[in-house]
Amino acid sequence: MCERKRRGGLHSGLGAVTPRNLAFLESPRPPWRSSSTQPAPTDRPRRDSGGMELGECTLNPGFRNVDGGGSSAGDPAGDPAEEPRRDAEYAQIKPYAGMPKEVLLLHSSKARYRVPREILFWLLVTCTLALVALTVTVIALSPRCMHWWQVSPVYQVYLRSFKDSDGDGVGDLKGIQEQLNHFQYLNIESVWVSPFYRSPMRDSGYDVEDFRAIDPLFGTMQDFEKLLAEMHNRGLKLIVDFIPNHTSDRHRWFNLSRAGDPRYKDFYVWTDCNGSAPRPNNWVSVFGNSAWTYDDVRGQCYLHQFLKEQPELNFRNPHVRKEMTDIIHFWLEKGVDGFRMGAVNRLLEATHLRDEPQVDPKKAPESVASVWDLHHDYTTSQLGLHDLLRDWRDEMQAYGREPGRYRFMVTESYDYHEVGKTMMYYGSSLVKESDFPFNFYLLDLPQNTSGLWVEHLVRLWMANMPKGQWPNWLVGNHDQPRVASSAGRAYIRAINMLLLTLPGTPTTYYGEEIGMEDNNGTDGPTRDPAGRYVSPSRDPQRSPMQWSGDMNAGFNVKTNTTWLPLHPDYRSINVKVQDSPTLKKHLAGGCSSFYFPPVGPEGRRMVGSGSVPLPEHAASVRAALPPWLVLLRARRRQCLLIPPRAGWAQQSVPHGAELWGRIGRHGSLLGPGVTGPAGGADEHKPNQRRQNAAEVPDPDRGGRGSADPVHHQHSVQSQPPRAVLRLREGLLFECLRFTV
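Residues numbered from 1 in each chain as written. Predicted model: local features only at pLDDT ≥ 70, side-chain atom pairs only at ≥ 80, totals over all residues. Heavy atoms only, no water.

A. Seen up close, the overall build of the protein. Helix and strand content of the protein: 22 helices and 21 strands. Here the protein holds 740 residues, and 50% of them are scored as buried. Here the contacts in the protein between residues at least 6 apart in sequence split such that 69% fall between residues at least 24 apart. A total of about 34,800 Å² of accessible surface is found on the protein, and carbon and sulfur atoms cover 54% of it. (Helix = DSSP H or I, 4+ residues; strand = E, 2+ residues; numbered from the N terminus. Buried < 20%, exposed > 50% of the residue type's maximum accessible area, 1.4 Å probe, protein only. Contact = heavy atoms within 4.5 Å. Areas by Shrake-Rupley, 256 points an atom, 1.4 Å probe, with all protein chains shown as cover.)

Rendered as structure tokens:
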């Protein structure tokens, strides 16, 4: 037994640590070694695996036989009476590396070890809680991650007038694909395309014969799929027009309905009437006259709120809802990114079919022939309308759960002075409806071009918009005159700047980026049904896009034909002129290389800060500048803008003041606001700045800027606070002069 090797080092050989063991370990010299004698070779101690020297056949009195589970006779470890004495002896031992658990626990409970440990623990807990609270606060206060329809203007393409690729004089899907570079040049990411469904074209494609087919006039389904794929490859989104309110009278559903098919019998709104006087009530079509037409096949009248070739669907029939939902699924599975829902306020009608109240009660009922003669209490915004739209929203949500694949929904509803009805299309805080309803109130800008009127129109939307919702703005579309014609060319730049600097998503109509005007001098037949039945026609604002000064303005380069006449000014107002090499040469560097100030016809500066020189050939570059505030690529995220002279609020914008803004990472420009530059030689010279602004030559007026007492009054006002502008990162607005 005394020959047995001790394994496992110090503690495995000693078993339980006792005061006797510790005294043995701390002894300066082992007891078997004498200071005066050397052991014999046979008595030399040997070192066990733990490094402790033991003599042969010498037993550790505190050794516990691990194999046998017992202890030696001198081991007091099992004696309860020894515990207090042993703890007292432990307390006399200093901490050392490899100390047993009992010693460690005794020392760790001392104040000098316990207090720092507790301080560090609670400090760590406090820091963790503070970090969590800070994270929650940042998340709560930070703006939401913005969707693709929030970070880019929406560009409306009127398909018939955008670009003709096959020479038939009508724009088509391939024509859009040929001009995708134009969208990227303008930093447009969202493109809304007018209807391309199969149609007899009684209302320019808004009378749909088959919602699942492409009209041959615009191309094929393969053309559509190629266009969609190429747009997605370029990072562009496609929004398609969806017209759920009615179909064409050539639609299969209508033919089956008028024939009395049991399934399709109630797909449309029918009622009994007299064939000789088909007028069940006084309801009036948008295009004038009665909204009811007698059908000889069925022997009843059907409702149409537009043309008589556009019968009204009956959305109180669940089969109709199912069919239209399936159509939405069809195009979502194709990959479209969103829908513009047209005329949604007319989806449902009152079932009682009562006469609507007249605006003028004294007017003879038989003379009521216009939509403006009635209060549309029973034909618009009926109960159940928003439930229908929310159901469609839910269907679209199922397709938009993948990152970057959000499906957009915008609604069209002309509610005029009843802005509260329009706001209902946002939905509620619990149930989402459209991402936003179109804001048509800026269409009233031409009525009054004063800053106070503009402020009123802007506040009308912002004050009524539900909290947390996203605003939007437009100044023209395919149904309204172009802003250059309605407000005048002098206001184009100011109104477009307003459109692009208001918070929210701007929607622009094709051609507004180059300042196209209505072609009011058209000869020949009227294509627009509104022009045939009511006044005025919408053909002037639908003239072909002016791409160049070549044949047919570059719209059709294969044959000498266009579906509508071109505007006479297409040789001077077109994309090619405004995309000239001279303009690109001087603006390619953006604001990071130089500031290109607005100049007059002679190349003179219109705002004198005295810090940046004019580029060469400034007059020719100025002549090529488009009225649109073109987005420029730049290496720095700061740019100088010149606001309208009278501004959006006439009481606050100084004449000739400089509008500054710092570009954010996402979103459109937020503002507006006016201030001096963030730095520079003139920052601390307000008097000199006012003097320069007052001395600016005004070629439009033929004199000095100070000649106008109203403008001079604005030039000496104090500077309003700094505006914070936000635009897509790396893109800036062109610096232009405004003539308002």
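B. Expanded view of the confidence of the model for the protein. Taken as a whole, the protein shows an average pLDDT of 73; of its residues, 65% reach a score of 70 or greater. Confidence drops under pLDDT 50 across residues 19–77; counting only partners more than four residues distant or on other chains, this segment forms 84 contacts. (pLDDT = per-residue confidence, 0-100.)

C. Fine view of the pairing of strand E11 (residues 338–341). Neither face of E11 is exposed, since Gly 338 and Arg 340 on one face and Phe 339 and Met 341 on the opposite face are all buried. Pairing geometry for strand E7 (residues 237–242) and E11, over four bridges, is parallel. Opposite Phe 242, over in E11, you have Met 341 as the bridge partner. Following the chain from E11 across helix H12 (residues 385–397) to the adjacent parallel strand E12 (residues 408–411), one finds a crossover that is right-handed. (Pairing = 2+ DSSP bridges. Right-handed = clockwise from strand over helix to strand, strands pointing away.)

D. Quick peek at the packing of aromatic side chains. The tally for this structure, following the rule as stated, stands at 39 aromatic pairs. By way of ring pairs, the aromatic residues Trp 148, Trp 149, Trp 192, Trp 372, Tyr 406, Phe 408, Tyr 414, Tyr 416, Phe 436, Phe 438 and Phe 440 are connected into one cluster. Sitting above the plane of the Tyr 264 ring, Arg 263 keeps its charged end 5.6 Å from the centroid. (Phe/Tyr/Trp six-rings, centres within 6.5 Å; stacked < 30°, edge-to-face > 60°. Lys NZ or Arg CZ within 6 Å of the ring centre and 35° of its normal.)

E. Looking closely at helix H14 (residues 451–464). Spanning 14 residues, H14 covers 20 Å between terminal C-alpha atoms, matching the ideal 20 Å at 1.5 Å per step. Listed in full, the buried residues belonging to H14 are Gly 451, Val 454, Leu 457, Val 458 and Trp 461. In this structure, the buried side of H14 is in contact with helix H13 (419–423), strand E13 (436–437), strand E14 (472–474) and helix H16 (492–501). (Expected span 1.5 Å × (residues − 1).)

F. Inspection of the state of the cysteines at higher detail. Applying the stated criterion across every chain, the model contains one disulfide. In this model Cys 273 forms its disulfide with Cys 301; the gap between the sulfur atoms is 1.8 Å. Measuring the twist about the S-S bond at about 85°, one finds the Cys 273-Cys 301 disulfide to be right-handed. Residue Cys 273 is located in the loop between strand E8 (270–271) and strand E9 (292–295), and its partner Cys 301 is located in strand E10 (residues 300–303); the two are separated by 28 residues in the primary sequence. Both residues of the pair, Cys 273 and Cys 301, count as buried. (Disulfide = S-S within 2.5 Å.)

G. Looking closely at the sheet that holds E7. With parallel pairing, eight strands are arranged side by side in an open sheet as E13-E12-E11-E7-E4-E3-E15-E14. Here the strands that pair on one side only, and so sit at the sheet edges, are E13 and E14. In this sheet, E12 lies alongside E11 in parallel orientation, the contact comprising four bridges. Directly across from Phe 339, in E12, lies its bridge partner Met 409.

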